[in-house]
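Here is how the chains run, residue by residue.
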2 protein chains.
Amino acid sequence: MKGVIAKEPGGKEQLIYTDMPEPTLQTGELLIEVHAAAVNRTDIMNREGKTGYASNPIIGVEVAGVVANANGQQGFAIGDRVMGLVNGGGYAEFATMPAGRAMKIPDNLDFTDAAAIPEVFLTAFQTLYWIGNLSKKESVLIHAGGSGVGTAAIQLANVLSDAFILTTAGSSTKLAKGKELGADVLINYKEQDFAQEVVKTTNEQGVSLILDFIGAQYWQKNLQSIAVDGRWVVIGVLGGTTIEHVNLMHLMAKRIQLTGTLLTPRSDQYKAELTQAFSHQTYTLFENGSLKPIVDAVFAIEDVQQAHQMMEENRNLGKIVLKVK
Amino acid sequence: MKGVIAKEPGGKEQLIYTDMPEPTLQTGELLIEVHAAAVNRTDIMNREGKTGYASNPIIGVEVAGVVANANGQQGFAIGDRVMGLVNGGGYAEFATMPAGRAMKIPDNLDFTDAAAIPEVFLTAFQTLYWIGNLSKKESVLIHAGGSGVGTAAIQLANVLSDAFILTTAGSSTKLAKGKELGADVLINYKEQDFAQEVVKTTNEQGVSLILDFIGAQYWQKNLQSIAVDGRWVVIGVLGGTTIEHVNLMHLMAKRIQLTGTLLTPRSDQYKAELTQAFSHQTYTLFENGSLKPIVDAVFAIEDVQQAHQMMEENRNLGKIVLKVK
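Here is what the cut-offs are and how they apply
Residues numbered from 1 in each chain as written. Chains lettered and ligands numbered in written order. Predicted model: local features only at pLDDT ≥ 70, side-chain atom pairs only at ≥ 80, totals over all residues. Heavy atoms only, no water. Least-squares fit on C-alpha atoms with pLDDT ≥ 70 in both. Contact = heavy atoms within 4.5 Å. Buried < 20%, exposed > 50% of the residue type's maximum accessible area, 1.4 Å probe, protein only. Helix = DSSP H or I, 4+ residues; strand = E, 2+ residues; numbered from the N terminus. Pairing = 2+ DSSP bridges. Right-handed = clockwise from strand over helix to strand, strands pointing away. Salt bridge = Lys/Arg side-chain N within 4 Å of Asp/Glu carboxyl O. Domains from an automatic or database assignment. Buried area = accessible area lost by both parts, 1.4 Å probe. Axes fitted to C-alpha atoms, helices over the stretch in contact; angles between N-to-C directions. Polar contact = N/O pair within 3.5 Å; in protein donor to acceptor, adjacent residues only side chain to side chain. Parallel < 35°, antiparallel > 145°, perpendicular 65-115°, else oblique. Nonpolar A, V, L, I, M, F, W, Y, C, P; charged D, E, K, R; others polar. Core = buried A, V, L, I, M, F, W, Y, C linked by side-chain atoms within 4.5 Å. Phe/Tyr/Trp six-rings, centres within 6.5 Å; stacked < 30°, edge-to-face > 60°.

A.B. asks: Any chance you could break down the relation of the copies chain A and chain B for me, citing the residues and the numbers?
C.D. replies: Placing chain A over chain B gives an RMSD of 0.0 Å and needs a rotation angle of 180 degrees, together with 0.1 Å of translation along the axis. As the rotation angle and translation indicate, the two copies are arranged about a two-fold axis. Most of the interface of chain A is mirrored in chain B, where 100% of its interface residues are also at the interface.

A.B. asks: Lay out the pairing of strand 8 (residues 139–142) of chain A in plain terms, naming residues and giving numbers.
C.D. replies: Residues and elements named next belong to chain A. Every second residue of strand 8 is oriented toward a common face, with Ser139 and Leu141 on one face and Val140 and Ile142 on the other, all of them buried. Bridge analysis of strand 8 against strand 9 (residues 164–169) gives 4 bridges, and the strand direction is parallel. Its bridge partner lying in strand 9, Ile142 is registered against Thr167. A crossover connection joins strand 8 to the parallel strand 9 through helix 4 (residues 148–161); in handedness this β-α-β unit is right-handed. Two elements, strand 8 and strand 11 (residues 207–212), share 3 bridges in a ladder whose sense is parallel. Residue pairing for strand 11: Val140 is matched across the bridge by Leu209.

A.B. asks: Describe the pattern of salt bridges, with residues and values.
C.D. replies: A full pass over the atoms with the stated rule returns 28 salt bridges over all chains. As a salt-bridge pair, A:Lys325 and A:Glu33 come within 3.2 Å of each other at their nearest N and O atoms. Of this pair, A:Lys325 sits in the segment after strand 17 (319–323) while A:Glu33 sits in strand 3 (residues 29–38), placing them 292 residues apart in sequence. Looking at A:Glu33, the relative accessible area reads 23%, which means it is partly exposed. When the shortest N-O distance is used, the salt bridge between B:Glu197 and B:Lys200 registers 3.4 Å.

A.B. asks: I'd love a proper account of the pairing of strand 11 of chain A, names of residues and values included.
C.D. replies: On any regular strand, side chains alternate: one points to one face of the sheet, the next to the other face. Residues and elements named next belong to chain A. Of all 6 residues in strand 11, 6 are buried, a share of seventy percent or more. Summarising the sheet, strand 11 and strand 12 (residues 226–234) pair through 5 bridges and their orientation is parallel. When the bridges of strand 12 are listed, Leu209 appears paired with Arg231. In this view, the connection linking strand 11 to its parallel neighbour strand 12 by way of helix 7 (residues 219–225) has right-handed handedness.

A.B. asks: Help me get a handle on the domain arrangement of chain A, residues and values and all.
C.D. replies: Residue and element names in this part refer to chain A. Each domain of chain A was delimited in the assignment, giving domain 1 (2–117 + 294–323) and domain 2 (120–260). Placing a centre on the C-alpha atoms of domain 1 and another on those of domain 2 gives a separation of 28 Å. On the domain 2 side, the residues contacting the 11 residues of domain 1 number 13 residues. For the pair domain 1 and domain 2, the summed buried area comes to about 930 Å², and 69% of that belongs to carbon and sulfur atoms. If you sort the residues of domain 1 by the area they bury against domain 2, Ile117, Ile294 and Leu317 come out on top, with a joint share of 52%.

A.B. asks: Describe the sheet that holds strand 10 (residues 185–188) of chain B, and please don't skip the residues or the numbers.
C.D. replies: Sheet strands pair via backbone hydrogen bonds, and the direction of the pair is either parallel or antiparallel. Spatial strand order, 10(A)-9(A)-8(A)-11(A)-12(A)-15(A)-15(B)-12(B)-11(B)-8(B)-9(B)-10(B): 12 strands in an open sheet with mixed pairing. The open sheet is flanked by strand 10 (185–188) of chain A together with strand 10 of chain B, the only strands paired with a single partner. Geometrically, the sheet is characterised by an average inter-axis angle of 15 degrees between neighbouring strands, direction not taken into account.

A.B. asks: Now, about the side chain of B:Arg101: what can you tell me, with residues and values included?
C.D. replies: Residue and element names in this part refer to chain B. Its place among the elements puts Arg101 in the loop between strand 6 (94–98) and strand 7 (103–104). Within the structure, Arg101 has its side chain in polar contact with the side chain of Asp268 (distance 2.5 Å). Not counting the four nearest positions on each side in its chain, Arg101 is found in contact with Met83, Gly84, Leu85, Val86, Asn87, Asp268, Lys271, Ala272 and Thr275.

A.B. asks: Now, about the interface of chain A and chain B: what can you tell me, with residues and values included?
C.D. replies: On the side of chain B, 30 residues touch chain A, which itself brings 30 residues to the contact. Taken together, both faces of the contact between chain A and chain B bury some 2500 Å²; the carbon and sulfur share is 63%. Looking at the side of chain A facing chain B, the largest losses of area belong to A:Leu248, A:Met252 and A:Arg255, adding up to 27% of the total buried there. Where chain A touches chain B, the interface holds 2 salt bridges. Between the two partners, chain A and chain B, sit 13 residue pairs in polar contact (both at pLDDT 80 or more). The set of elements that each furnish at least two residues to the side of chain A that touches chain B consists of strand 12, strand 13 (242–243), strand 14 (246–247), helix 8 (248–253) and strand 15 (257–260) of chain A. The pairing of strand 13 of chain A with strand 14 (residues 246–247) of chain B spans 2 bridges and is antiparallel. Residue A:Ile243 lies in a different strand from strand 14 of chain B, and its bridge partner there is B:Val246.

A.B. asks: Lay out the packing of helix 3 (residues 118–131) of chain A against helix 9 (residues 268–287) of chain A in plain terms, naming residues and giving numbers.
C.D. replies: Residues and elements named next belong to chain A. With their axes 10 Å apart at the nearest point, helix 3 and helix 9 run at an angle of 100 degrees to one another. With respect to helix 9, the axis of helix 3 lies roughly perpendicular. Of the residues in helix 9, those touching helix 3 at Phe121, Leu122, Phe125, Gln126 and Trp130 are Tyr270, Glu273, Leu274, Thr275, Ala277, Phe278, Gln281 and Phe286. The class makeup of the residues in the contact of helix 3 with helix 9 is 9 nonpolar, 3 polar and 1 charged.

A.B. asks: Any chance you could break down the nonpolar core for me, citing the residues and the numbers?
C.D. replies: A:Leu128, A:Val140, A:Trp232, B:Leu128, B:Val140, B:Leu156 and B:Trp232 are the most contacted members of the largest nonpolar core, which has 148 residues in total. With residues near it in sequence (within four places) discarded, B:Trp232 still touches B:Ile210, B:Asp212, B:Trp219, B:Asn222, B:Leu223, B:Ile226, B:Ile256, B:Gln257, B:Leu258 and B:Thr259.

A.B. asks: An account of the packing of aromatic side chains is requested, with residue identities and associated values reported.
C.D. replies: Under the definition given, this model contains 18 aromatic pairs over all chains. Centre to centre, the rings of B:Tyr189 and B:Tyr218 are 6.5 Å apart; their planes meet at 65 degrees, and the pair counts as edge-to-face. Of this pair, B:Tyr189 sits in the loop between strand 10 and helix 6 (194–201) while B:Tyr218 sits in the loop between strand 11 (207–212) and helix 7 (219–225), and the two are 29 residues apart along the sequence. By the ring-pair criterion, three or more aromatic residues cluster together here, those being A:Phe121, A:Phe125, A:Tyr129, A:Phe278 and A:Phe286.

What follows is the structure, encoded as structure tokens:
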């Protein structure tokens, strides 16, 4: 079979789609004939040699495809359409997936749509609910509202919690998409001071929850934006990792709960439990169109370098998908 | 009646025990004839004019005494022995207390013992359980193990959760007390690198929960000491408020939940709910001696300056109490 590897750790030019051995099926895994795989930032880090998924040289952490070998796993049969997270090896003709992470694909979604769901919706679901404890009608500030996780989080907060949703993005196109998906307050961070807008639109209360993909660059403004007893979940550091001068009294005075998290390194069991909880709550919502995967671009897998370039340039609104078959 | 005020914001020499008007009873409050009041760090800040409790000029946030006017509050009668938090005004012959915060005093405890309970045990209970979610048999690192909150937290973690308790203190006397109260690992921070000791005694796993009274000075070592998915509750900044160079990736890689908190500024309702939950779980444990208030020193209220001096010099092992009657 063929799969995408990096010849050497480095830039997108290192990526090649080349002959690789078929993966070996382990106990508890399904063999998936991959139809589509989606691109994630962690793929870029892996390409650069900055991380590693279980030493799999083939890049990619999420796929949609057809079960080619159910391997005795209950609930799955050859031919089933499934989507889910894999431990690397996603950009390939075949991949193995722990059965606990496989989700049936609703009939109304094709494979490129389905490949766009697992990573961003599971991350949004986990950070909003399992970590962020978002309640009905609460306020939430979702940064990077045009990103894959951002578009998923806006939808979930709207559909599952009828939340008061404030979102930031750097273009009117992305903000218009945020509005369409259910955001209530749209803030262009290039033109507005987001903290001022948050304070103004929440009656000076601030928001109960922040999903922070930005990190250091937004630290002070997030502190201004958060409510007393607010939760703040750091899931990305696109704006830098290091903050100079953190004053702990600010965290104490507002009684802030700050949680750092990453999804990819979590245990198989955690991912399986998260997958089941997510699938249980959202399957019919995807089926009836209340929730929608947001796909910006589809590339043939042979054009994987262009797909990575698009993500590195932050040009995507929603997901970038590779079509394998 | 008499009460303690600061003549001017400043040092302990500003404190005088002088004639003051009796407090006015509001709806929902009990009038307490105070027998004992305990000293807290927040009292020192208030004396220095750095904070303020509802503009009450009389210092003090916790008392034990006798109900002098039940004011129609169900469950209380004149003559009942009660202890609890007050909104300032504790260092006085009479104080008012929201009825929801009053706890009956078990018969085996005298007033100086009882005055030593509310602030430190409620803070320890809140941070270990309501914020820190300590589970049975989990590991917890309790800094300042000889302090009022430290001695309370060690007891609660031991008696309620059979936790694996690691504690730091600066003298062998304080550590011996920690051991007597149930701590498993005793670390003298003046002689040992506490992070190394934590890593060594937890099989390189780190601790699931940290109660941090120290702040900036311990930041890096706490990061080393905490387990993956650990919770870290910042309830004091005795070692400084400002950290240079916080790397958010460290919080993300270990998936740390960092929560800042303060008890005094919380709402009446919160304090009432916390008080009820605490009293419900611990009344019989105080009654049968499984939990013990730790009183280091008792001063006559006229000697309040000496009591503040002792706390400022960190000489106390457990609580400092003022005897009013």
